[in-house]
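Residue-level structural notes
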Protein chains: 2
Amino acid sequence: MKPEHAAQIATVIEAAKARDIKNVYFVACGGSMASLSFGEYFISKETEVPSFVYTANEFIHRNPKGVGENTLVILRSHSGTTPETVAAASFAREKGALTVSISMEAESPLCQAAEHIVHYNYKDGSDAIDGEVGIFYTLIFEVLNVLAPNEKYKRVVAQLPKVGELIEKNIEQFADAANEFGKKNKREKIIYTMASGAYIHHAYSFTSCLLMEMLWIHSNAIHSGEFFHGPFEITDYDVPFLVVKGDGASRPLDERALDFVQKFSDKVEVVDIETLNYGGIDEDLKEYFGPALTGSVLRLYADALAEHTGHPLSVRRYMWKMDY
Amino acid sequence: MKPEHAAQIATVIEAAKARDIKNVYFVACGGSMASLSFGEYFISKETEVPSFVYTANEFIHRNPKGVGENTLVILRSHSGTTPETVAAASFAREKGALTVSISMEAESPLCQAAEHIVHYNYKDGSDAIDGEVGIFYTLIFEVLNVLAPNEKYKRVVAQLPKVGELIEKNIEQFADAANEFGKKNKREKIIYTMASGAYIHHAYSFTSCLLMEMLWIHSNAIHSGEFFHGPFEITDYDVPFLVVKGDGASRPLDERALDFVQKFSDKVEVVDIETLNYGGIDEDLKEYFGPALTGSVLRLYADALAEHTGHPLSVRRYMWKMDY
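Since this is a predicted model, take the numbers as computed values, not measurements. Each chain carries its own residue numbering, running from 1 in the direction its sequence is written. Lettering for chains starts from A, numbering for ligands starts from 1, and both go in the order in which the items are written. Per-residue local features are limited, in this predicted model, to residues with pLDDT of at least 70; the limit for side-chain atom pairs, both in listing and counting, is 80 or more; totals at the level of whole chains, interfaces and linings are taken over all residues. Heavy atoms from the whole structure form the basis of all side-chain values; hydrogens and water molecules are not counted.

**A closer look at the overall build of chain A**
Rules: To qualify as a helix, a DSSP run of H or I must reach at least 4 residues; to qualify as a strand, a run of E must reach at least 2; elements of each kind are numbered from the N terminus. For the exposure calls, accessible area comes from a 1.4 Å probe over protein chains only, and a residue counts as buried if that area is under 20% of its type's maximum, exposed if over 50%, partly exposed in between. The contact definition used throughout considers only heavy atoms, calling two residues in contact when any of these lie within 4.5 Å. Reported accessibility uses the Shrake-Rupley method at a 1.4 Å probe radius. Residues are deemed covered only where the shown protein chains occlude them.
For chain A, the helix and strand inventory stands at eleven helices and nine strands. Projecting the C-alpha coordinates of chain A onto the three principal axes gives extents of approximately 55 × 50 × 40 Å. A buried classification covers 63% of the 324 residues belonging to chain A. Across chain A, the fraction of contacts at a sequence separation of at least 24, relative to all contacts at a separation of at least 6, is 74%. Per element, the accessible surface of chain A, about 11,700 Å² overall, is 49% carbon and sulfur.

Shown next, in the form of structure tokens:
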């Protein structure tokens, strides 16, 4: 990791240690919110510190009473210009919280609004450890180590530099399956996603940002644990599902939902996280690396839909074209 | 309220007071989870006590570390037989949490699994104060008054007996609009719902249980604050949206999203919570009553779709017909 990134993270960690952090809020919008949610997942699973995820404007308007001087608020926006998230940073800072903005733009409004910044590189040829995955996961596991010190978290941080190579290997490994998915599904007007645990956030991103936003394909990210309590009645032979079969604690939920859709739909795609290449990662740390590796794998499935539908992921009908 | 219900709630409140409640978990599945979420909404907004919502099986498998002896776990299942929720009650109880099950069946497995029960009447001719709305909101506002005592909560409890009459009046008031919605949308294969604040949970129930489960109509409950961060690109002149314009803190989010869909879709239905009949409720308590009155209003919209599509809400293709 480049020294300036390591220094930014170290500064945040020192600031967090200097306060008695009683709760953590992750605040952003859309895909950035989903990415932050992996932090909430591991904090809730492994520490007694309450953590929460809010879409930025709900955070401001609900004004949760738990936010105060002993609160760590982590915000994120790729460009650092998302107005709701910028406003949320100012809002949290005024309430005395320790605020940290994550963005690719160190000079962005979001980074100016928060007390601390954690900047990542984007498409400048840097290694993945200096990109959004490496920087974010390093931050989160350093924060976890403040909240509930554990040698495991230090090992995660030590092994995170392998993430770039692993992303490349997994992209290679899943390329053909993704292409086949794009080919088979190019005429679909609706594709459901399904997952649980940490992976529900990947499903959410895929649904909101890739299918609905970029591909104009109807979707809904269904939690595998909720599937049998309503959504499963929508299943039919011609209803497509993309199921992320996680490698974490809630894998049995995914397995049960998957068994069902495979029985009643002819259009089921599975991305099994256990089959990812985790080469060089300690066995007991795999569950932490799975979410870090899954984003670029799922991206392939969207790329393939774009390729086969002839609808590039960069096309928009409203965004960048008007005020809203 | 019937004495046996009042006594059950009083017992829970005494038990909660006897412990130092440090956090509250709401655990259920599907529509029951969505209903419990109104508790999380008001607790997070108005108290410093951390509260969380989990679908039951995720709760068990993630095994959040925050659950312990100073935890209040509220569970809910209409029939009291939902296996995941029953298992979650036992799980939480084993961890020493104070467990409370809400159900219409006092003898159900869920009620047997938890330490305390709060039973409500269902379709036995009782007034709404002894039904699911009256009992649940009384419990929640009594719990709020334990967590952060406030005379407002006592006034909510005192005024809740009006809820039955108000539900009837609102059903009357919205009947024609709902019927028109059913008529106009009877050929739709997909209908999105949208809301924020407390009402996102109504949107979730409507999407999962009414549209997808009972009507086999594709859907997704979009948070109004998330709409512009992905989902809005799916908007087109022929894409239907049912927007719940809330009366709470996040109403501005709904207004912004609504302005957009009304501009670009010809098929937008609005249920404006501010237009509900709140007769006899104190002005400063309306935001607490809105969520309690909205369920039966939205139900009309599903009833109307059932009527005009000829697809009764009672029809299932999987539930009750097989094991899954």
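Read on for the rest.
**A closer look at the pattern of salt bridges**
Let me state the cut-off plainly: A side-chain nitrogen of Lys or Arg and a carboxyl oxygen of Asp or Glu constitute a salt bridge if their distance falls within 4 Å.
All told, the structure shown has 44 salt bridges over all chains when counted by the stated rule. Between B:Glu255 and B:Arg251 there is a salt bridge, with its nearest N and O atoms 3.4 Å apart. Placement of both B:Glu255 and B:Arg251 in helix α10 (residues 251–264) is noted, with a separation of four residues, approximately one turn of the helix. Look at the salt bridges and you will find they share partners, linking A:Glu151, A:Arg155, A:Asp282 and A:Asp284 into a network.

**What about unusual backbone geometry?**
All names here are of chain B. Even without a glycine there, the phi angle at lysine 123 is positive, about 50 degrees. The topology assignment puts lysine 123 in the loop between β5 (116–119) and α6 (132–147). Residue lysine 123 is classed as exposed on the basis of its relative accessible area of 74%.

**A short note on the relation of the copies chain B and chain A**
Where we set the bar: To line up the copies, we fit them by least squares on C-alpha atoms, keeping just the residues with pLDDT of at least 70 in both.
After a rotation of 180 degrees and a shift along the axis of 0.0 Å, chain B superposes on chain A with an RMSD of 0.0 Å. Taken together, these values place the two copies in the relation of a two-fold axis. Relative to the rotation axis, the closest C-alpha in chain B is found at B:Asn220, a distance of 2.5 Å. Interface overlap between copies: 100% of the residues of chain B at the interface are likewise at the interface in chain A, consistent with a symmetric, same-surface contact.

**Some points on the pairing of strand β1 (residues 23–28) of chain A**
Residues and elements named next belong to chain A. Short version of the rule: In this scheme, strands are said to pair when DSSP sees at least two bridges between them. Crossovers are described as right-handed under a simple rule: with the strands pointing away from the observer, the path leading from the first strand over the helix to the second runs clockwise.
In terms of burial, β1 is largely enclosed, as six of its six residues are buried. Burial along β1 is two-sided: Asn23, Tyr25 and Val27 and Val24, Phe26 and Ala28, pointing in opposite directions, are all buried. Relative to strand β2 (residues 51–55), β1 runs parallel, the two being bridged by five bridges. Pairing of valine 24 across the sheet is with serine 51, part of β2. At this point the chain moves from β1, through helix α2 (residues 30–46), to the parallel β2, and the crossover so formed is right-handed.

**Here we look at a positive patch on the surface**
What counts is decided by this rule: Patch building starts from residues that exceed 30% relative accessible area and form no salt bridge, then joins like charges within 9 Å and nonpolar side chains (Val, Leu, Ile, Met, Phe, Trp, Tyr) within 5 Å. In this tally Asp and Glu are treated as negative and Lys and Arg as positive; neither His nor the chain ends contributes. Charge coordinates come from a single atom per side chain, which is NZ of Lys, CZ of Arg, CG of Asp or CD of Glu.
Together, B:Lys183, B:Lys186, B:Arg187 and B:Lys189 give the surface a local cluster of positive charge. Within the element layout of this structure, B:Lys189 appears in the loop between α8 (163–184) and β6 (192–195).

**What to know about the UniProt feature "domain: SIS" (unreviewed entry) in chain A**
Counted only if it meets this: UniProt positions are given in the numbering used here, feature names are shortened, and annotations may be inferred rather than shown by experiment.
The feature "domain: SIS" (unreviewed entry), as given by UniProt, occupies residues 9–149 of chain A in the numbering adopted here. Annotation note: span residues 9–149 of chain A, helix share 48%, strand share 19%, distance between end C-alpha atoms 17 Å.

**Things to note about the packing of aromatic side chains**
Counted only if it meets this: A pair of aromatic rings is counted whenever rings of Phe, Tyr or Trp (Trp by its six-membered ring) have centres within 6.5 Å, and the orientation is called stacked for planes under 30 degrees apart, edge-to-face for over 60 and tilted otherwise.
Applying the stated criterion across every chain, the model contains 59 aromatic pairs over all chains. Centre to centre, the rings of A:Tyr41 and A:Phe42 are 5.0 Å apart; their planes meet at 80 degrees, and the pair counts as edge-to-face. Note on B:Phe227 and B:Phe232: the rings are 6.2 Å apart at their centroids and 75 degrees apart in plane angle, and the pair reads as edge-to-face. Classification of B:Phe232 by relative accessible area gives buried; the value is 0%.

**Concerning helix α8 (residues 163–184) of chain A**
Note the cut-off: Expected helix span is given by 1.5 Å per residue-to-residue step, counting one fewer step than there are residues. In this scheme, the bend at a residue equals the angle between the axes fitted to the seven residues that finish there and the seven that begin there.
Here α8(A) spans 30 Å end to end across 22 residues, near enough to the 32 Å set by a 1.5 Å rise per residue. Where α8(A) bends most, the angle comes to about 45 degrees, and this point is A:Ala175.

**Section: the interface of chain B and chain A**
The condition is simple: A simple way to read buried area is as the amount of 1.4 Å-probe accessible surface that goes missing from two parts once joined, with both sides added. Pairing of N or O atoms within 3.5 Å defines a polar contact, subject to two protein rules: one partner must be a possible hydrogen donor and the other a possible acceptor, and residues neighboring in sequence count only if both atoms are side-chain atoms.
Each partner contributes residues to the interface: chain B has 68 residues there, and chain A has 68 residues. For the pairing of chain B and chain A, the buried interface totals around 5,600 Å² over both sides, and the portion due to carbon and sulfur atoms is 56%. Among the residues chain B hides against chain A, the three largest losses belong to B:Arg62, B:Glu233 and B:Tyr318. Together they make up 14% of the total. Taken together, chain B and chain A are joined by six salt bridges. The salt bridge partner of B:Glu84 is A:Arg256, with a shortest N-O separation of 3.1 Å. One can count 38 residue pairs in polar contact (both at pLDDT 80 or more) joining chain B with chain A. For the side of chain B that touches chain A, the secondary-structure elements that each account for two or more residues are α2 (30–46), β2 (51–55), α3 (56–62), α9 (200–215), β7 (221–223) and α10 of chain B.

**So, the pairing of strand β4 (residues 98–103) of chain A**
Regular strands have side chains that alternate between both faces of the sheet. Residues and elements named next belong to chain A. The element β4 is extensively covered by neighbouring structure, given that six of its six residues are classed as buried. Sheet topology places strand β3 (residues 71–76) next to β4; five bridges connect them, and they run parallel. Each bridged residue has a counterpart across the sheet, and for arginine 76 the counterpart in β4 is isoleucine 102. Tracing the backbone out of β3, into helix α4 (residues 83–94) and back to the parallel element β4 gives a crossover that is right-handed. In this structure, β4 lies alongside strand β5 (residues 116–119), joined through four bridges in parallel fashion. What sits directly across from isoleucine 102, in β5, is valine 118.

**Looking at the environment of A:Glu213**
Mapping A:Glu213 onto the fold places it in helix α9 (residues 200–215). Sequence separation of A:Glu213 and A:Gly225 is twelve residues, and the distance between their C-alpha atoms is 25 Å. Apart from the residues within four sequence positions on either side, A:Glu213 is in contact with A:Ser208, A:Val315, A:Arg316, A:Met319, B:His229, B:Gly230, B:Phe232 and B:Glu233.

**Here we look at the sheet that holds strand β8 (residues 241–245) of chain A**
Residue and element names in this part refer to chain A. In plain terms, the rule: Working convention: axes come from line fits to C-alpha atoms, limited for helices to the stretch in contact. Angles between N-to-C directions cover 0 to 180 degrees.
On the basis of which strands lie adjacent, the open sheet formed by four strands has the order β7-β6-β8-β9 and parallel pairing. Two strands bound the open sheet, and with one partner strand each, they are β7 (221–223) and β9 (268–272). Taken pair by pair, the neighbouring strands of this sheet meet at an average axis angle of 20 degrees, ignoring direction. Pairing of strand β6 (residues 192–195) with β7, which is carried by three bridges, proceeds in the parallel orientation.

**Regarding the domain arrangement of chain A**
Residues and elements named next belong to chain A. Going by this rule: In this document the domain limits rely on a domain assignment from an automatic tool or a database.
Looking at chain A, the domain boundaries give domain 1 (3–149) and domain 2 (163–309). A separation of 26 Å is found between the C-alpha centroids of domain 1 and domain 2. Here domain 1 and domain 2 share one salt bridge between them. Between lysine 45 and glutamate 287 there is a salt bridge; the shortest N-O distance is 3.1 Å. On the surface where domain 1 and domain 2 come into contact, there are three residue pairs in polar contact (both at pLDDT 80 or more). Examining the composition of the side of domain 1 that touches domain 2, we find that ten residues originate from one element, α2, more than from any other.

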